[in-house]
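# Results of the structural survey
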Amino acid sequence: MSKQQAPEVAGFGKRLARLRKSVGFTQQDLATRIGVSRRVIAYYEGETKHPPTQMLPRLAHVLNVSVEALLQGDGADVLEDIGMSATVDEATFYPATADGNNAVAREIYREDDIRIIQGDARHALQAVPDATFQCCITSPPYWGLRDYGIEGQIGAENDVNDYIANLVLIFREVKRTLRDDGTLWLNIGDSYTSGDRRWRAPDKKNAGRAMSYRPPTPKGLKPKDIIGVPWRLALALQKDGWYLRSDIVWNKPNCQPESVKDRPTRAHEYLFLMSKTESYYYNFEAIREPSVGGKKPKNRRTVWNINTNGFHGAHFAVFPPELVRICLLAASKIGSMVLDPFLGSGTVGLVCREYGRECCGIELNPEYVKLAMDRIARVGCLLSLYSDANSH
């Protein structure tokens, strides 16, 4: 819940500071115990009207008081407004799995505009209320192309149909958490059958391509067939109730070369625009593109020429900020809440910060969570994201 949405509670910041000092904690002590940065604690101690609703149970637990004590006289009204009870604990936000493991998802970073949840999106989204997000901008792991080394990872299924089914379930939850006028911007890449080769050697140009496993050739396909994953997924989501509104070709002028001699080098991926309902928010004026000859800008076309981007320490599938920017401006307003259930290195969060949106990102891989947190911690609200080499 954003600061603008939170119920007002007079004197909350002073009360939080007093309770923290009474147990002998510094701001950093308290921040460490609840898994946020010290800046978050400093912010809420200076903020006297809007409590951090998502963190209230953990604050109360660490400070050894009830949630009502934190909220004092206004507690009952506030708890009702945000759908909580005075006895709520972390299990309310992060439900346990069938085996009792409540570490499936946990919030490990929260600033005023960015929230990062480490865990499996299939479980983490279940704790999100309906109609929370204005849009979702994301790029799931591609099927059979990378081994992230994480148990239960999306993309490592032995059967492409299981991969599609898993993503359909995740995006069904995404649809539930979107506002009725919300949209999904889904980037997904394709791949070729492996010819039943069950491993792939390291690539000198891209060490991340090495894999200790490769899925078998899908039933009905032949060696060297292109699998058609993007359209298989798009049509499955359409069947599940999504409105399939546009197929956008992301053309990569600086694509990686390929050694193949019997087909063209692949230089594009798909980006699908989908909506929850027939009528949805779409700001076409915010993403107009230049006309030939410098005339009046024209409506954005469906081929976007955007270079791939990277940074030191990044994993191999960094979302280009320019690609995110166009989606964000078309799909949201300043102050909107944006979801990325496959946060990766955090590009969606960074672009949201620059353009005044809030972001909730979910990421399973702890190494990528660290990358995202490091990028976010090292940059301010003004980011130099774009290259002159990009043509829009």
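Residues numbered from 1 in each chain as written. Predicted model: local features only at pLDDT ≥ 70, side-chain atom pairs only at ≥ 80, totals over all residues. Heavy atoms only, no water.

### Here we look at empty space enclosed by the protein
Empty space left among the atoms is revealed by rolling a probe the size of a water molecule over them. Enumeration over the complete set of coordinates arrives at 1 cavity of 30 Å³ or more. One number sums up the size of the largest cavity: a volume of about 80 Å³. Contributing to the lining of the largest cavity are 12 residues, with W143, G144, Y192, S194 and P215 lying nearest its centre. (1 Å grid on protein atoms, 1.4 Å probe; cavity = no way out; pocket = protein on both sides within 12 Å on 5 of 7 lines; lining within 4 Å. Points joined across faces, edges and corners; volume = space filled by probe spheres on them.)

### A word on the sheet that holds strand 7 (residues 303-305)
Taking strand neighbours across the sheet as the criterion, the 9 strands line up as 1-2-9-8-3-4-6-5-7 in an open arrangement whose pairing is mixed. For this open sheet the edge positions go to strand 1 (105-110) and strand 7, each flanked by a neighbour on one side alone. Averaged over all adjacent pairs, the angle separating strand axes in this sheet is 20 degrees, with direction ignored. By the bridge criterion, 4 bridges tie strand 8 (residues 337-340) to strand 9 (residues 358-363) in an arrangement that is parallel. Opposite D340, over in strand 9, you have G361 as the bridge partner. Running over the sheet, helix 9 (residues 160-177) touches strand 3 (133-138), strand 4 (178-188) and strand 8 and is turned about 150 degrees from strand 4. Its contacts with the sheet put helix 12 (residues 347-354) on strand 1, strand 2 (114-119), strand 3, strand 8 and strand 9, and the angle it makes with strand 9 is roughly 175 degrees. (Pairing = 2+ DSSP bridges. Helix = DSSP H or I, 4+ residues; strand = E, 2+ residues; numbered from the N terminus. Axes fitted to C-alpha atoms, helices over the stretch in contact; angles between N-to-C directions. Contact = heavy atoms within 4.5 Å.)

### Overview of unusual backbone geometry
Non-glycine residue A131 carries a positive phi angle of around 55 degrees. Tracing the backbone through its elements, the reader meets A131 in the loop between helix 8 (121-124) and strand 3. Of note in this structure, K224 is not a glycine but carries a positive phi near 80 degrees. Along the chain, K224 turns up in the loop between strand 4 and helix 10 (229-239). Look at K224 and you get exposed, because its relative accessible area is 61%. (Buried < 20%, exposed > 50% of the residue type's maximum accessible area, 1.4 Å probe, protein only.)

### Looking at the pairing of strand 2
Counting buried positions over the 6 residues of strand 2 gives 6, a clear majority of the element. Sheet analysis places strand 1 next to strand 2, joined by 5 bridges and oriented antiparallel. Residue A105 lies in a different strand from strand 2, and its bridge partner there is G119. In this structure, the hairpin formed by strand 1 and strand 2 is closed by a connection of 3 residues. Looking at chain direction, strand 2 and strand 9 are connected through 5 bridges and run parallel. Bridge pairing in strand 9 links I116 to G361.

### Some thoughts on the packing of aromatic side chains
In the structure shown here, the tally under the stated rule is 5 aromatic pairs. Aromatic side chains F171 and F342 sit 6.4 Å apart centroid to centroid with 55 degrees between the ring planes, which places their arrangement in the tilted category. Taken together, the positions of F171 in helix 9 and F342 in the loop between strand 8 and helix 12 put the pair 171 residues apart, joining distant regions of the chain. We classify F171 as buried; its relative accessible area is 0%. Taking 5.7 Å as the distance between ring centres and 5 degrees as the angle between the ring planes, the aromatic pair formed by Y270 and F272 counts as stacked. Among the residues examined, F272 registers a relative accessible area of 0% and is labelled buried. Aromatic ring contacts, followed pair by pair, group W231, Y270 and F272 into a single cluster. A cation over a ring is seen here: K252 above W250, with NZ or CZ 4.8 Å from the ring centre. (Phe/Tyr/Trp six-rings, centres within 6.5 Å; stacked < 30°, edge-to-face > 60°. Lys NZ or Arg CZ within 6 Å of the ring centre and 35° of its normal.)

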